[in-house]
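Coordinate analysis (summary)
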There are 2 protein chains.
Amino acid sequence: MQRRFKARLGGLYMQHAIDSLAERVSKKITPSKAEADSEKAFAAKVSAALSKSLPKQCRVCFVGSAARDTGLRGSKDIDLFVSFPRSFSKEEIVAKTFRAARRALKAKWEKHYAEHPYLQAQHGAFRIEVIPCFETSPHEELKSAVDRSPLHMDYLQKRLTETQRRDVRVLKQFLKNAGLYGAELRIQGFSGLLCEYLVLNYRSFKNVVEAAAQWAPPVVVDMEGHYAERRHPFAEPLVVIDAIDKNRNAAAVISETNLYKFIALCRAFRAKPSASFFFGKRKKHPAGEIARALKNRGTAVVVLKIAAPKLVEDILYPQLHKTERALARHLTLQDFRVLGTASFVSGGNAFFVVECESAERPRLKRLRGPPMSSAKAVADFVRAHKGAHRGPYIEGGRVFAERSRAATFLETELKALLRSPDAWGAASHFVKPLKLARTAPPLSLKADALQEFAAYLFRRESWW
Amino acid sequence: MQRRFKARLGGLYMQHAIDSLAERVSKKITPSKAEADSEKAFAAKVSAALSKSLPKQCRVCFVGSAARDTGLRGSKDIDLFVSFPRSFSKEEIVAKTFRAARRALKAKWEKHYAEHPYLQAQHGAFRIEVIPCFETSPHEELKSAVDRSPLHMDYLQKRLTETQRRDVRVLKQFLKNAGLYGAELRIQGFSGLLCEYLVLNYRSFKNVVEAAAQWAPPVVVDMEGHYAERRHPFAEPLVVIDAIDKNRNAAAVISETNLYKFIALCRAFRAKPSASFFFGKRKKHPAGEIARALKNRGTAVVVLKIAAPKLVEDILYPQLHKTERALARHLTLQDFRVLGTASFVSGGNAFFVVECESAERPRLKRLRGPPMSSAKAVADFVRAHKGAHRGPYIEGGRVFAERSRAATFLETELKALLRSPDAWGAASHFVKPLKLARTAPPLSLKADALQEFAAYLFRRESWW
């Protein structure tokens, strides 16, 4: 009894601690009332102007975190969706929206492309986007991926309480500080929408943390109960069924690693809640420390530097990562013992870090031949390896042969690889730049790139 | 048609080639008529003398290859089995047999132990064994493992033709030359009995070779059809159901590697039959060649030399091999990259050969922690590796940490291992000798041991 009572007290205390912490954090990250009001007023003005130049059946919706008071301070994005009846064609809705936008607001409109074109402009402090879409009902088949946004707005605006909106902002800051906020492919983290869904589902930031600390992937959150007994079609480690589109996993982009990072983060925070989980300082590593660490590791580290191909982030990063993986795979196949790799973009350049156990691969290669059951293949293997250093010999159900080769160094092998990057699977836009790659001594990297390199070298979860 | 006709001609020619080769080989390996007659006469004399001193119900059987004319020239083993009715006790049959043997033949009888004691003596050129056993019918439960021998004699003596007996001898020589003859644990090859069963089943040496060249393990030979549709209880890659005991696999001892060696050998022989498959010369490797090969491999080779424990072969070799495997496993766990190991006994010493990619293990160790799902284990791991060189970090569903360690050399590690051989699983009788082990430079080995070492270094199947 005594112990239980204490535990309960501890629990209450913790609950209080997290709540008051959330309140304090919120004060620092919530846009001021003046800020929020001016943003909304501006959005309303542009919306009204847009409506005037659009067919009567159209509806202009101010959506996104600014519209719902779930954004972080400093975010000045205004998303205006123009929804058309489904009888219109894509070409029509784009043309009509563009004309209306240009009439409604004099600005330097830029045309961008998602599934179809939309407009973006910087106007004072605000970045405004005007996006045409089709009217859609929940779970109806979409004519375009952007059609969901007005539905999300309707759904969340009706349901989120004031305190929950605060908790969404707190959760975003919590994730941002850990490098887990953002659904872009560079990050593969939690989108703003996902934060709102999680707070809505678990009722509060504190509850999200409590729940996630106990998650055992695969995790399924199905707020609206769209699927009975988890019979959903999603294979990702975190599945959050989109409340307004049961065919979509709102957490699809989150990698397994990032999901586990979030779980570990929540466990650590729950054990010892503190402001440092929201406003941790990223440590800067001086060059001397980096040099010492490199020496202590006693490994072979090579940094390749190329001109970054000019691509939008959501193409650049997948290609960067694909190239990194292909490089690691190829070096492993070539018998270099790859300890780790990294890649990053900094100052117009892309960098690949390769770390091997040794700068030299083993002199001797043991070749695993075909299974003994394939008489023909075995005969061919035996013929091909008549001159083997050792073998061919039989071990278990296979034939083997060992060849010694001229020792080859990592840098030599890399130079050979860079001559034909398509041969080992570098991503398309990286083939040309890789041919002009240079190896850069780690300590020669410029400030930002050096810190990215340090993030590899001193990789550890910040909350541990 | 044309092609078929040619193939058939080729087949006939090959058949003839193998047959005439078998005949020529047989001439060299078959004991002369005088030899065989004198052996049989001597066996008959001792049998008769034994019978006189034994109870009336006993039967003395001359069994084994000498009795069946399936032995190789130079083999002078005479096996006499004394079978008693099952009403006798083990003690009685041993006592009565020993007394009778000592009366029947004045010789320096030595007591040996199988499942129960038997006697062995050298008498002139002959090595004679007198073994007590119980009368048994085929497939009846055995009172002792040796009880089968008289049944084997009955079964085979009735069935093998003259030509088949010749082919058994030829098959034995074929296997002997390839190092595959003998069921002892040092060899794990084909027993004499198995050779007789194979020739009987396939009708001839040529047919055995033809069949084995096509074998796709698991292979089952069930001459007497004891099991319907291969529903036998044996798990070995080659199963030859003992004709007189369906509960025994006469090929149980053959390792997977040796079975595939036999298959490969038969394929090679069938493709190009020649006398070299029976009388190949084992190449002697001069020290200079060994030194050159070691240098070319560029690996780290260490030879450990110990006093061989005094054990019968069938205990010595399993313990030797167990110790070799344990050593390899332990070094691998300690992050040495083991390329290969070997062990052998020569001149009263036992030797272990260890070959690693490098004399030094990697400086950095990447520790794979517990799965992220085990919150407690992860917390412990994180605490234990606060001071890690890199990490703890999350990758996929696990936590990792990297530690750098003082570089350790293979020889240093081996010296540490030899201080407590029981700790890493050396076999019981090897623990003490290993504590006194010395490392021996390969080229310091004496002639025979050096050639055993060369067999490792130049390992290859001789017929390729």
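Cut-off values and rules
Residues numbered from 1 in each chain as written. Chains lettered and ligands numbered in written order. Predicted model: local features only at pLDDT ≥ 70, side-chain atom pairs only at ≥ 80, totals over all residues. Heavy atoms only, no water. Buried < 20%, exposed > 50% of the residue type's maximum accessible area, 1.4 Å probe, protein only. Helix = DSSP H or I, 4+ residues; strand = E, 2+ residues; numbered from the N terminus. Arc of directions from axis to C-beta. Contact = heavy atoms within 4.5 Å. Pairing = 2+ DSSP bridges. Axes fitted to C-alpha atoms, helices over the stretch in contact; angles between N-to-C directions. Buried area = accessible area lost by both parts, 1.4 Å probe. Salt bridge = Lys/Arg side-chain N within 4 Å of Asp/Glu carboxyl O. Polar contact = N/O pair within 3.5 Å; in protein donor to acceptor, adjacent residues only side chain to side chain. Nonpolar A, V, L, I, M, F, W, Y, C, P; charged D, E, K, R; others polar. Disulfide = S-S within 2.5 Å. Parallel < 35°, antiparallel > 145°, perpendicular 65-115°, else oblique. Left-handed = near helix turned anticlockwise from the far one by under 90°.

**Concerning helix 13 (residues 410–419) of chain A**
In an α-helix, one turn spans 3.6 residues; hence positions three or four apart end up facing the same way. All names here are of chain A. Those residues of helix 13 not exposed but buried are Leu410, Glu413, Leu414, Leu417 and Leu418. The buried residues of helix 13 occupy one face: seen down the axis, they fall within an arc of 140 degrees. In helix 13, the exposed residues that point more than 90 degrees away from the buried face are Lys415 and Arg419. Residues of helix 13 that are buried make contact with strand 9 (300–307), helix 11 (313–333), strand 11 (349–356) and helix 14 (431–435).

**Quick look at the sheet that holds strand 8 (residues 245–249) of chain B**
All names here are of chain B. Read across the sheet, 3 strands follow the order 6-7-8 without closing on themselves; strand pairing throughout is mixed. The open sheet is flanked by strand 6 (219–221) and strand 8, the only strands paired with a single partner. Shown here is a sheet whose adjacent strand axes are inclined to one another by a mean of 25 degrees, direction ignored. Relative to strand 8, strand 7 (residues 238–242) runs antiparallel, the two sharing 2 bridges. Paired with Ile241 across the strands is Asn249, a residue of strand 8. Along the sheet face, helix 7 (residues 192–202) touches strand 6, strand 7 and strand 8 and points at about 85 degrees away from the line of strand 7.

**Quick notes on the interface of chain A and chain B**
Facing 43 residues of chain A, the contacting portion of chain B comprises 43 residues. Across the chain A/chain B interface, buried area totals approximately 4200 Å², and carbon plus sulfur atoms make up 52% of it. Where chain A packs against chain B, one counts 6 salt bridges. Viewed at the interface, chain B and chain A are joined by 24 residue pairs in polar contact (both at pLDDT 80 or more). Elements with a minimum of two residues in the side of chain A that touches chain B: helix 9 (256–271), helix 10 (287–297), helix 12 (375–384), strand 13 (390–395), strand 14 (398–404) and helix 15 (447–457) of chain A. Residue composition of the side of chain A that touches chain B, grouped by class: 18 nonpolar, 10 polar and 15 charged.

**Concerning the sheet that holds strand 14 of chain A**
Residue and element names in this part refer to chain A. Spatial ordering of the open sheet is given by 12-14-13, a layout of 3 strands whose pairing is antiparallel. Each end of this open sheet is capped by a strand with a single partner; those strands are strand 12 (364–371) and strand 13. Across the sheet, the axes of successive neighbouring strands diverge by a mean angle of 25 degrees, strand direction being ignored. Sheet contacts for helix 12: strand 12, strand 13 and strand 14; angle to strand 12, the most-contacted strand, approximately 155 degrees.

**Let's talk about the pattern of salt bridges**
In the structure shown here, the tally under the stated rule is 50 salt bridges over all chains. Put simply, Glu129 of chain A and Arg127 of chain A hold a salt bridge, and the shortest N to O gap is 3.9 Å. The buried category is assigned to Glu129 of chain A, whose relative accessible area is 11%. For Arg68 of chain B, the salt bridge goes to Glu196 of chain B, with nearest N and O atoms at 2.7 Å. Here the residue Arg68 of chain B occupies a position in helix 3 (residues 64–68), and Glu196 of chain B occupies one in helix 7, the gap between them amounting to 128 residues. Each member of the pair, Arg68 of chain B as well as Glu196 of chain B, carries the same accessibility label: buried. Among the ionic contacts, a cluster of salt bridges with common partners joins Arg297 and Glu355 of chain A together with Arg390 and Glu402 of chain B.

**A few points about the state of the cysteines**
This model, assessed by the stated rule, comprises 0 disulfides over all chains. Of the cysteine sulfurs around Cys61 of chain A, a residue in no disulfide, the closest is that of Cys133 of chain A, at 6.5 Å. On the basis of relative accessible area, Cys61 of chain A is assigned to the buried category, the value being 8%. The structure places no disulfide on Cys266 of chain B, whose sulfur is separated from the nearest cysteine sulfur, that of Cys195 of chain B, by 11 Å. Cys266 of chain B gets classed as buried once you look at its relative accessible area, which sits at 0%.

**Things to note about the packing of helix 10 (residues 287–297) of chain B against helix 15 (residues 447–457) of chain B**
All names here are of chain B. The contact between helix 10 and helix 15 brings their axes to 11 Å, and the two run at 40 degrees. Regarding the angle of helix 10 to helix 15, the classification is oblique. Handedness of the crossing formed by helix 10 with helix 15: left-handed. Counted together, Ala287, Ile290, Ala293, Leu294 and Arg297 of helix 10 and Leu450, Phe453, Ala454 and Leu457 of helix 15 form the full contact between these two elements. Grouping the amino acids of the contact of helix 10 with helix 15 by side-chain chemistry returns 8 nonpolar, no polar and 1 charged.

**A few points about the pairing of strand 10 (residues 338–346) of chain B**
All names here are of chain B. Bridging between strand 10 and strand 11 (residues 349–356) involves 8 bridges; their strand directions are antiparallel. By the bridge assignment for strand 11, Thr341 is matched with Val354. Between the end of strand 10 and the start of strand 11, which pair antiparallel, lie 2 residues, with Gly347 showing a positive phi angle near 55 degrees.

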